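Each chain, letter by letter, is given below.
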Amino acid sequence: MKIAVVTDKSKMEFLPTEESLREDMQKQSTATDVQKILSKKYECIHLTFTDNIIQTLKKEKVDLVFNLCNGINGNSKLAQLPAVLEFANIPYTGSSILGHALAINKIYSSHIFKCHDIPTPDFIYVYDTDELYDYDIEFPVLVKPCDEGSSRGIHQDSLVFEFDSLVKKVKSELNIYNPPIMVCEYIEGREFSVGIVGNDDEMIILPIQEVDLTHIPDDLKKFYSFEIKMHYKDSTVYHCPAPLDEDLEFLMKSISARAYNALSLQDYARVDIRLKDGIPYVLEINSLPGLMKEHSALYRMANSCDLGYEGLILKIVDCAIKRHDIQ
Ligand SMILES: Nc1ncnc2c1ncn2[C@@H]1O[C@H](COP(=O)(O)OP(=O)(O)O)[C@@H](O)[C@H]1O
Ligand SMILES: [Mg+2]
């Protein structure tokens, strides 16, 4: 069996920022480690998602793509490589076009969670600041873009306590990010991530990770904002497995599994949760969560149980092989 690990073109060439440079480096390093692991068991090559990807995959006689493409551009960019591969009938790891398209947009995914009685923060969304006057908003609220990741657009001033600051923040977000902008009920509480690997009855829920922000300087607000993810990694403490009583752990895992199924996700994902008054609120699901060695939540989760990092990568491939019934 021949596997191709496929990554995006350089984001730096498209948008030269420090953020893009960091993203390129993370992707490159993840691809190298994934390829190293898969090469022990399979023939494995690394390709870039370019215009001629179908021809290259066919020429190389690739049986399965290990998808590491977040996409560069567009409002459903995570779904782009799956769409191309599905058109060419080439099997790939992870979620399908549908799953990625639903998960990338927090408005659509939150609506679906609510339909399934999965706790998620209440929210409104606006295309213009004038629309804010139509709502009776209870503060504090958290302002965020609907289709970004890695806390882009979720800065310290995203947590707002009164109307004038809300108008100001929404206006600045509308200038930068895809409309509409979300204004969410702020869930004050402990923060967790739940990793899922597998499908149907063979789904494994990994040990839960808690993101502990208590050591972050006092002048910063305690939510996982862009500033904290970028500049306070050293004072962010991850507990994995998280200290949780058995009932709460069970509840968090079952809500996460329901959220994963509600969006028709496949093979693996990571659910971000905040806990308030004993209720785990699902903030979002990452349908293509980071797999970077030593730095990603899934790495920590897999390493705190028998699966291990290698086991995690091989398990993702096994799930895809089984789904596609590859011989
Ligand atoms: N409704 C909310 N209540 C409290 N904190 C929130 C809320 N939404 C987002 N956050 C905080 O912002 C962080 C990033 O938000 P998230 O929705 O996970 O976006 P991203 O895709 O950028 O990770 C979360 O980890 C959490 O700390
Ligand atoms: Mg998140």
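What counts and how
Residues numbered from 1 in each chain as written. Chains lettered and ligands numbered in written order. Predicted model: local features only at pLDDT ≥ 70, side-chain atom pairs only at ≥ 80, totals over all residues. Near = placed C-beta within 6 Å. Helix = DSSP H or I, 4+ residues; strand = E, 2+ residues; numbered from the N terminus. Nonpolar A, V, L, I, M, F, W, Y, C, P; charged D, E, K, R; others polar. Domains from an automatic or database assignment. Pairing = 2+ DSSP bridges. Axes fitted to C-alpha atoms, helices over the stretch in contact; angles between N-to-C directions. Parallel < 35°, antiparallel > 145°, perpendicular 65-115°, else oblique. Contact = placed C-beta atoms within 7 Å. Buried ≥ 20, exposed ≤ 12 C-beta atoms within 10 Å, placed from the backbone. Expected span 1.5 Å × (residues − 1). Arc of directions from axis to C-beta.

**Focus: the site of ligand 1**
Taken together, 19 residues form the shell around ligand 1, and within it P121, C184, I187, F223 and Y224 come nearest. Looking at the shell around ligand 1, the elements with two or more residues in it are β5 (141-145), β7 (181-185), β12 (268-276) and β13 (279-286). Residues belonging to the shell around ligand 1 are distributed by class as follows: nine nonpolar, three polar and seven charged. For the shell around ligand 1, the domains that each give at least three residues are domain 2 (102-118 + 188-324) and domain 3 (123-185).

**Side note on the sheet that holds strand β6 (residues 159-160)**
Strand order in this open sheet of four strands is β4-β7-β5-β6, and the pairing throughout is antiparallel. The sheet terminates laterally at β4 (123-126) and β6, the two strands that pair on one side only. With four bridges joining them, β4 and β7 adopt antiparallel strand pairing. Within β7, the residue paired with Y125 across the bridge is M182.

**So, the packing of helix α2 (residues 18-39) against helix α11 (residues 308-324)**
Between α2 and α11, whose axes approach to 10 Å, the crossing angle comes to 75°. With respect to their mutual orientation, α2 and α11 come out roughly perpendicular. Between α2 and α11, the contacting residues are V34, I37 and L38 on the first element and E310, I313, L314 and V317 on the second.

**Considering helix α5 (residues 97-104)**
When you tally the buried positions in α5, you get six out of eight residues, the bulk of the element. What α5 keeps buried is the set G99, H100, A101, L102, A103 and I104. Residues of α5 that are buried make contact with α4 (80-88), α6 (106-115) and β13.

**Topic: the domain arrangement of the protein chain**
By the assigned domains, the protein chain splits into domain 1 (2-92), domain 2 (102-118 + 188-324) and domain 3 (123-185). Domain 1 and domain 2 are separated by 23 Å when their C-alpha centres are compared. Of the residues that constitute the side of domain 1 that touches domain 2, the class distribution is nine nonpolar, five polar and two charged.

**Regarding the environment of E310**
By the element assignment, E310 lies in helix α11. In the structure, E310 is positioned 153 residues away from D157 in sequence and 39 Å away in space, judged by C-alpha atoms.

**Quick look at the pairing of β5**
By the criterion of burial, β5 is predominantly enclosed, with five of the five residues buried. By the alternation rule, side chains of β5 split into V141, V143 and P145 and L142 and K144, which are all buried. Direction of pairing for β5 relative to β6: antiparallel, over a ladder of two bridges. Looking at the pairing, V141 lines up with V160 of β6. Relative to β7, β5 is paired through five bridges, and the arrangement is antiparallel. Bridged to P145 within β7 is I181.

**So, the pairing of β13**
β13 sits mainly inside the fold: seven of its eight residues count as buried. Taken together, β12 and the strand that follows it, β13, pair antiparallel across an intervening segment of two residues, in which D277 is found at a positive phi of about 50°.

**Points about unusual backbone geometry**
Look at the link from F139 to P140: it is a cis peptide, with omega at 0°. In this fold, P140 is placed in the loop between β4 and β5. In this structure, P180 follows P179 across a cis peptide bond, with omega equal to 0°. Structurally, P180 is set in the loop between α7 (163-176) and β7. Phi angles above zero are rare outside glycine, and D117 is one such case at about 55°. Take D117: there are 10 C-beta atoms within 10 Å of it, and that puts it in the exposed class.

**Examining α11**
In a regular helix each residue adds 1.5 Å, so 17 residues correspond to 24 Å; α11 covers 24 Å between its end C-alpha atoms and thus fits that length. Residues of α11 that are buried: Y309, L312, I313, I316, V317, C319 and A320. Projected down its long axis, α11 carries its buried residues within an arc of 150°, all on one side. Elements in contact with the buried residues of α11: β1 (2-7), α2, β3 (64-67), β8 (190-197), β12 and α10 (297-303). Looking one or two places after α11, you find D325, whose phi comes out positive at around 55°.

**Quick word on the sheet that holds β3**
Read from one edge of the open sheet, three strands run β2-β1-β3, paired in parallel fashion. Strands with a single pairing partner mark the edges of an open sheet, and in this sheet they are β2 (43-48) and β3. Each strand axis lies, on average, 30° off the axis of its neighbour in the sheet, ignoring direction. Where β1 lies against β3, four bridges are found, and the strand directions are parallel. Counterpart to V6 in the pairing with β3 is N67.

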